[in-house]
Amino acid sequence: MSTSERRAAQTLIAHYPLIGLKTVADFSAQAGVSSPTILRFVARLGFSSYPEFQAALQEELAAQIQSPLTRNLAPQSARPQSAFAQVDATLDNIRESFSHLPETQIAEIVAMLGRQRSRIHLVGGRFTDPIARYMAAHLQIIRADVFHLEGQESNWRDRLIDMGKRDVLVIFDIRRYQESLIRLAEKAQARGVEIVLLTDQWLSPIARVARHVIAGRTGVPSAWDSTAALFVIAETLIAEVTRHTEETASKRIREMEELRGE
């Protein structure tokens, strides 16, 4: 993309998806580019017209706010006829997630999580916090200063006092996005904390303040979203951080085993 097209892309991500539902003139004014640039940007995304682009955004917005009840009320003909349809969809989600995940982005996130001078904080939503807890448990074995934010939102806010420019906050957030996580991310970003967001294909609003955004596919033929792809991404990051910090991690694990044996 050209510089002006990238500016349009950054504006769309920062105000996703609502800015794309405005007129071309409004979109171009907020991005600080010309209207023809917006149309070229939309065409580069694969849309034949601006209305087609907006229709896709409207469909995504509708999907964002769907509840399990809404998805469970789908017509009988649209429901899977076999339990294995769920397995197939989950495997497809994992493959699709990694096909859109650049190795350079993985390397940059791994470098952030492996910095010994940084403190790492992890937190998730109602259904994704178990992944944050799982990832924290592994990282705590291979490096120091790893914290899982537990309990009520007030407890998270109290931890903000210890967060600064050297810290990294890893957040898991999928639809329907958790307001308390959004508030935490905004306050942390204002303190200079680098945020890594693991979200779904519809993008949590936290994306606008995150340094890195990984969008895992979560849609399956069920009333419930699948977090399997996010779990595999978390395991990939754990493995890569372990490899990246092999020397110090091995020493730490060895000492830990010796202490356990005493």
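A brief report on the enclosed structure follows. Because the structure is predicted, anything quoted here is derived from the model rather than measured.

## As for the packing of aromatic side chains
- In total, this model carries 5 aromatic pairs according to the counting rule given.
- Ring geometry for Phe 47 against Phe 53: centres 5.5 Å apart, planes inclined by 70°, an arrangement best described as edge-to-face.
- Arranged with centres 4.7 Å apart and planes meeting at 40°, the rings of Tyr 134 and Phe 231 form a pair that is tilted. Taken as a pair, Tyr 134 in helix α8 (residues 129-142) and Phe 231 in helix α11 (residues 228-244) lie far apart in primary sequence, 97 residues in all.
- Exposure remark for Tyr 134: the relative accessible area of 28% places this residue in the partly exposed category.

## Considerations on unusual backbone geometry
- A cis geometry characterises the amide bond from Tyr 16 onward to Pro 17, with omega recorded as -5°.
- Looking at where Pro 17 falls in the secondary structure, it is placed in the loop between α1 (3-14) and α2 (24-31).
- Residue Arg 176 is reached from Arg 175 by a cis peptide bond, and omega for that bond is -5°.
- Within the secondary structure, Arg 176 sits in the loop between β3 (168-173) and α10 (179-190).
- The phi angle at Leu 203 is positive, at roughly 70°, despite the residue not being glycine.
- Mapping Leu 203 onto the fold places it in the loop between β4 (194-199) and β5 (212-215).

## Brief notes about the pattern of salt bridges
- Across all of its chains, the model carries 14 salt bridges by this definition.
- Notably, a salt bridge pairs Asp 92 with Arg 95, separated by 3.3 Å at the nearest N-O pair. With Asp 92 and Arg 95 both in helix α6 (residues 84-99) and 3 residues apart, this pair spans about one turn of that helix.
- Judged by its relative accessible area of 44%, Asp 92 is partly exposed.
- According to the relative accessible area criterion, Arg 95 is exposed, its value standing at 54%.
- Put simply, Arg 183 and Glu 153 hold a salt bridge, and the shortest N to O gap is 2.9 Å. Of this pair, Arg 183 sits in helix α10 while Glu 153 sits in helix α9 (residues 153-159), placing them 30 residues apart in sequence.

Reading the values: the criteria
- Residues numbered from 1 in each chain as written.
- Predicted model: local features only at pLDDT ≥ 70, side-chain atom pairs only at ≥ 80, totals over all residues.
- Heavy atoms only, no water.
- Phe/Tyr/Trp six-rings, centres within 6.5 Å; stacked < 30°, edge-to-face > 60°.
- Helix = DSSP H or I, 4+ residues; strand = E, 2+ residues; numbered from the N terminus.
- Buried < 20%, exposed > 50% of the residue type's maximum accessible area, 1.4 Å probe, protein only.
- Salt bridge = Lys/Arg side-chain N within 4 Å of Asp/Glu carboxyl O.

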